[in-house]
Amino acid sequence: MYTQGLDQHGKPAESAALATPELEARFLAKIDAEEKIEPKDWMPEGYRQTLLRQMSQHAHSEIVGMLPEGNWLSRAPSLRRKAILVAKVQDEGGHGAYLYSAAETLGQSREQMFEDLLSGKAKYSSIFNYPTPTWADVGAIGWLVDGAAIMNQIPLCRCSYGPYARAMVRICKEESFHQRQGYEIMMRLARGTPQQQRMAQAALDRWWWPSLMMFGPTDAQSRHTAQAVRWKIKRFTNDELRQKFVDVTVPQAEFIGLKVPDPALAWDEAAQHYRFGTIDWAEFNEVLRGNGPCNRERLAARLKAHEDGRWVREAAVAHAQKLQRRAAAQAA
Amino acid sequence: MSAAPAGREGAAAPVAPEARLGYVMRLADTSLILGQQLTGWIGHAPALEEDLGLANISLDLIGQARLLLNYAAELEGRGRTEDDLAFLREPADFRCVQLVAQPNGDFADTIVRQFLFDAWQGELFEGLARSTDPRIAEIAAKAVKEIHYHVRYSGGWVVRLGDGTAESNERMQRALNQLWPVTHELCSADDLDLQMQAAGIAPDLEEVRSAWSARVDEVLAAATLRRPPEQPYRWFGKRGEHGEHLGYVLADMQFLQRAFPGATW
Amino acid sequence: MQPDQWPLYEIFIRARSGLEHKHVGSVHATDARMAIEHARDLYTRRLEGVSIWAVRSGDIVASDPADSDALFEPARDKIYRHPTFYDIPDEVKTL
């Protein structure tokens, strides 16, 4: 899902002019043997570029992902919910930091990645371009969006690139309460007053299809999948993960009496899978193009934070320089 | 060290239940409102690391508030919960100090507010950790460790921004000048404070003042900031005398519970 | 470097007494004190640390993977450093 943008804007993987058949062969042998590639190891330029784009998009997704739930921090309806939500959003910021840190090992600075995000050049997961108009949306995000993310993240713990895999292991350990808190919110609403039940159902109606879109285009439409699988950056295909998500999530909705907004949804006994309806790819493309419900607001918020905070960051640097000069003067 | 008040040997001095409750509510509301206001920065801070730093302080303050509100609810004995107290009281019934109800403003306003508060809360809670009220002592002892980190964090930023660039120094001095009057309340003992002091429940605010003042002087000097002149400012949030901003903070915070009376979340 | 760009520090955490410091990732900071605070807020939220080391990334000296053959390959031959090289009868205990 962090490669959504690659299929839209990616060029075919470039081979470095300096690559030799021996280096390529040794590299692929390592991949096949489930050995990790570390920052200073030789790697094909296409591998480096793909990873850099995927990791930075993943990091951007975590940071932008703080905003839809951040929208409800001040209005959480109980102190317990407030504390849990602050901890969750804090974790998301932390995950962004781990991922930027891992991406920087490939030679791009965090500043450069921010510039690409704020200019609209770099993408982040489409899902965070949807609004959270009600408290139930916070529950839906935890349940569905974190649920989908977990499906994607667990295989990434076995990704071939060492820093990315290690960051994912850390993230997965912290993720366990994120989905539970979302489902708990939905459960409480679904068993609450009629108004709360309507709120929960409306949120599910709004978040179901965008969550399915998170997994990216169908395998047939996804040009990058084959190469990503060969390099063990991607361990399962988009459709495989999407199917798994549906199979796991539909019973969860049924358990709390909520209805998945898909008239075509049906259990296929022979295949042991849920069959589901067609995704509106036109909507997906609009959102990826920057024309979704909240794209402009999300970017504007990040840009404002970055610009408003510039004097703070500059002052910290200036202060550190003063300390260095004073230390040097004292030593002299 | 002041002479031990009459109540310290043996049982705590008798204190009217409403007085004890009123004092606990002051502490609870103060932590709650500041924790609440800090949530506004999460996702919007000058650097990703500061999103985490401010979220950390916010969580600690909300945690303190919950412990104190739960104690208050027990003292009150009317079966109210921490959420009833937080979400269903009017602004006029809140007893937070004025300092924590000042708007977030820019990062200078927020970090000056934070440091002035942390330095005070640190001294106050060190005293409260020795309270004759065992529950207050327990809550304060746990909080003191967190507060030491908060002071370190906010104090560090005051120095960096005060002694950073010309622009940062200007913003910090403006924030300090603006906030200084409401610090008067922090160490000015009113009747309730004196009662608590006599009962050994709370420390002597004069001692808190001198420790706070020394710490503030030390940090402001390193920050190349000028300490504003003293300005006795007679409106005390801890007596329920609030400005207009608190109303908006609570309207936001309480909205869902007010919109859906009786619902559980 | 732009005026608001913060240098990178590598962070090492000792999770519990008795363990070594382990590399956990990096943080951006302008001075050592800030680096420690950022590392504490980012890497020890779940009680995972008793000690933090922060080092400017530029100060780390690393072996070059291109040299790995010269640096590490000779050790492969010296298998007499491994306990399994030696054939001790099972009856002999504590060896």
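Coordinates for the structure precede this section.
Enquirer: Break down the overall build of chain A for me, citing the residues and quoting the values.
Expert: Helices and strands together make up the secondary structure of chain A, namely 14 helices and two strands. A compact globule built from 332 residues should have a C-alpha radius of gyration of about 20 Å, and chain A, at 22 Å, falls within 12% of that. Principal-axis analysis of the C-alpha atoms gives chain A an extent of 75 × 55 × 35 Å. Counting the 332 residues in chain A, one finds 58% classified as buried. In chain A, the proportion of contacts linking residues at least 24 apart, taken out of those at least 6 apart, comes to 79%. For chain A, the exposed surface amounts to about 13,600 Å²; the carbon and sulfur share of it is 55%. On chain A, the mean spot of the 43 positive side-chain charges and the mean spot of the 39 negative ones are 6 Å from each other.

Enquirer: Go over the interface of chain C and chain A, please, and point to the residues and values.
Expert: With 19 residues of chain C at the interface, the matching set in chain A holds 23 residues. If you sort the residues of chain C by the area they bury against chain A, Asp-4, His-28 and Arg-45 of chain C come out on top, with a joint share of 28%. Note that Asp-91 of chain A is salt-bridged to Arg-45 of chain C, the shortest N-O span being 2.7 Å. At the boundary of chain C with chain A, the tally comes to nine residue pairs in polar contact (both at pLDDT 80 or more).

Enquirer: Any chance you could break down the packing of helix α7 (residues 135-156) of chain A against helix α9 (residues 194-213) of chain A for me, citing the residues and the numbers?
Expert: Residue and element names in this part refer to chain A. For the pair α7 and α9, interaxial distance at closest approach is 9 Å and the crossing angle is 40°. By the angle class used here, α7 and α9 are oblique. Handedness of the crossing formed by α7 with α9: right-handed. Contact residues: Trp-135, Ala-136, Asp-137, Ala-140, Ile-141, Trp-143, Leu-144 and Val-145 in α7; Met-199, Ala-200, Ala-203, Leu-204, Arg-206, Trp-207, Trp-208 and Ser-211 in α9. Per-class residue counts for the contact of α7 with α9 are 13 nonpolar, one polar and two charged.

Enquirer: Tell me about the interface of chain A and chain B, residues and numbers included.
Expert: Often, the extent of an interface is quoted as the loss of accessible area upon association of its parts. Listed per partner, the contact involves 46 residues of chain A and 44 residues of chain B. Regarding the contact of chain A and chain B, the summed buried area is about 3,900 Å², with carbon and sulfur atoms giving 68% of it. Across the chain A-chain B interface, the total number found is three salt bridges. Here Asp-163 of chain B makes a salt bridge to Arg-326 of chain A, at a shortest N to O gap of 2.9 Å. Counting the contacts that link chain A with chain B gives 15 residue pairs in polar contact (both at pLDDT 80 or more). Those elements giving two or more residues to the side of chain A that touches chain B turn out to be α4 (66-70), α5 (79-104), α8 (162-190), α9, α13 (295-308) and α14 (310-331) of chain A. Class assignment for the residues of the side of chain A that touches chain B results in 24 nonpolar, eleven polar and eleven charged.

Enquirer: Outline the nonpolar core, listing residues and values.
Expert: Grouped together as the largest cluster of nonpolar side chains are 193 residues, with contacts concentrated most on Tyr-47, Trp-135, Tyr-161 and Trp-208 of chain A together with Leu-116 and Trp-157 of chain B. Looking at this core, the element that brings in the most residues is helix α2 (residues 48-76) of chain B, giving 13 residues.

The rules behind each value
Residues numbered from 1 in each chain as written. Chains lettered and ligands numbered in written order. Predicted model: local features only at pLDDT ≥ 70, side-chain atom pairs only at ≥ 80, totals over all residues. Heavy atoms only, no water. Helix = DSSP H or I, 4+ residues; strand = E, 2+ residues; numbered from the N terminus. Rg over C-alpha atoms; globule rule 2.2 N^0.38 Å. Buried < 20%, exposed > 50% of the residue type's maximum accessible area, 1.4 Å probe, protein only. Contact = heavy atoms within 4.5 Å. Areas by Shrake-Rupley, 256 points an atom, 1.4 Å probe, with all protein chains shown as cover. Lys, Arg positive; Asp, Glu negative; His and termini not counted. Charge placed at Lys NZ, Arg CZ, Asp CG, Glu CD. Buried area = accessible area lost by both parts, 1.4 Å probe. Salt bridge = Lys/Arg side-chain N within 4 Å of Asp/Glu carboxyl O. Polar contact = N/O pair within 3.5 Å; in protein donor to acceptor, adjacent residues only side chain to side chain. Axes fitted to C-alpha atoms, helices over the stretch in contact; angles between N-to-C directions. Parallel < 35°, antiparallel > 145°, perpendicular 65-115°, else oblique. Left-handed = near helix turned anticlockwise from the far one by under 90°. Nonpolar A, V, L, I, M, F, W, Y, C, P; charged D, E, K, R; others polar. Core = buried A, V, L, I, M, F, W, Y, C linked by side-chain atoms within 4.5 Å.

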